[in-house]
Amino acid sequence: MSPCPTSRHDAANHGYITDKNSYRNRLRRFEGQVRGIDRMIDKERYCINILTQISAITKAVDSVALGLLDDGLRQCVLDAAAAGQQVSEVTMAEASDAIARLVRS
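The rules we used
- Residues numbered from 1 in each chain as written.
- Predicted model: local features only at pLDDT ≥ 70, side-chain atom pairs only at ≥ 80, totals over all residues.
- Heavy atoms only, no water.
- Helix = DSSP H or I, 4+ residues; strand = E, 2+ residues; numbered from the N terminus.
- Buried < 20%, exposed > 50% of the residue type's maximum accessible area, 1.4 Å probe, protein only.
- Contact = heavy atoms within 4.5 Å.
- Areas by Shrake-Rupley, 256 points an atom, 1.4 Å probe, with all protein chains shown as cover.
- Patch = residues over 30% accessible without salt bridge, like charges linked within 9 Å, V, L, I, M, F, W, Y side chains within 5 Å.
- Salt bridge = Lys/Arg side-chain N within 4 Å of Asp/Glu carboxyl O.
- Lys, Arg positive; Asp, Glu negative; His and termini not counted.
- Charge placed at Lys NZ, Arg CZ, Asp CG, Glu CD.
- pLDDT = per-residue confidence, 0-100.
- Expected span 1.5 Å × (residues − 1).

### Some remarks on the overall build of the protein chain
1) Next: Within the protein chain one finds three helices and zero strands.
2) Next: The proportion of buried residues among the 105 residues of the protein chain is 24%.
3) Next: In the protein chain, of all internal contacts separated by at least 6 residues, the share reaching a separation of at least 24 is 65%.
4) Next: For the protein chain, the exposed area adds up to about 7400 Å²; of that, 54% sits on carbon and sulfur atoms.

### Digging into a positive patch on the surface
1) Next: Taken together, the side chains of Arg35, Arg39, Lys43 and Arg45 make up a positively charged region of the molecular surface.
2) Next: Here lysine 43 lies in the loop between helix 1 (20-42) and helix 2 (47-83).

### Some points on the confidence of the model for the protein chain
As a general rule, the predicted coordinates of low-pLDDT regions are not to be interpreted in detail.
1) Next: Summary statistics for the protein chain give a mean pLDDT of 83 and a share of 82% for residues scoring 70 or more.
2) Next: Looking at the elements of the protein chain, mean pLDDT is at its lowest for helix 3 (residues 85-104), recorded as 83, and at its highest for helix 1, recorded as 95.

### Let's talk about helix 1
Helical geometry note: an α-helix holds 3.6 residues per turn, so side chains three or four residues apart project in the same direction.
1) Next: In this model helix 1 runs 33 Å from its N-terminal to its C-terminal C-alpha over 23 residues, within 8% of the 33 Å that 1.5 Å per residue would give.
2) Next: Turning to helix 1, its buried residues are Tyr23, Phe30, Gly36, Ile37 and Met40.
3) Next: Of the residues one or two after helix 1, glutamate 44 is the one with positive phi, at around 55 degrees.

### Looking at the environment of isoleucine 57
1) Next: Counting through the fold element by element, isoleucine 57 comes out in helix 2.
2) Next: Note on isoleucine 57: relative accessible area 11%, which makes it buried.
3) Next: Placed 23 residues apart in sequence, isoleucine 57 and valine 34 show a C-alpha to C-alpha distance of 7.9 Å.
4) Next: For isoleucine 57, the residues in contact, after removing those within four places along its chain, are Gln33, Val34 and Ile37.

### Let's talk about the pattern of salt bridges
1) Next: Tallied over the full model, the rule gives one salt bridge.
2) Next: With its nearest N and O atoms 2.9 Å apart, the salt bridge here joins aspartate 70 to arginine 74. Within this pair, aspartate 70 and its partner arginine 74 are both found in helix 2, separated by four residues, close to a single helical turn.
3) Next: Taking the relative accessible area as the measure of exposure, arginine 74 reaches 53% and is therefore exposed.

### Quick word on helix 2
1) Next: Here helix 2 is 37 residues long and its end C-alpha atoms lie 53 Å apart, about the 54 Å a rise of 1.5 Å per residue gives.
2) Next: Within helix 2, burial applies to Ile50, Ile57, Val64, Ala65, Gly67, Leu69, Asp71, Gly72, Cys76 and Ala80.
3) Next: Positive backbone phi, at 125 degrees, marks glycine 84, one or two positions downstream of helix 2.

Below is the structure:
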């Protein structure tokens, strides 16, 4: 999700910023898992084991996405509510679009 409309793109207003290191560490683990899958394919490991690892990564990525969405909604919706109804409608439309993208993926 893009920055909150009321934030003027100020990074200090992103909802996830307090967990930034946690998110980055999780992303680095994904990178390692993807490299592990690459090695499994290179070594022609059993396909079910590869698919199990892919499923684990997919769930982990979804977890990060939902965490970011939750953090962002908490911050942006609170900011929008403080700024007034018009901004709230814009923020809710943006949040709805972000949720729709996650559901389609």
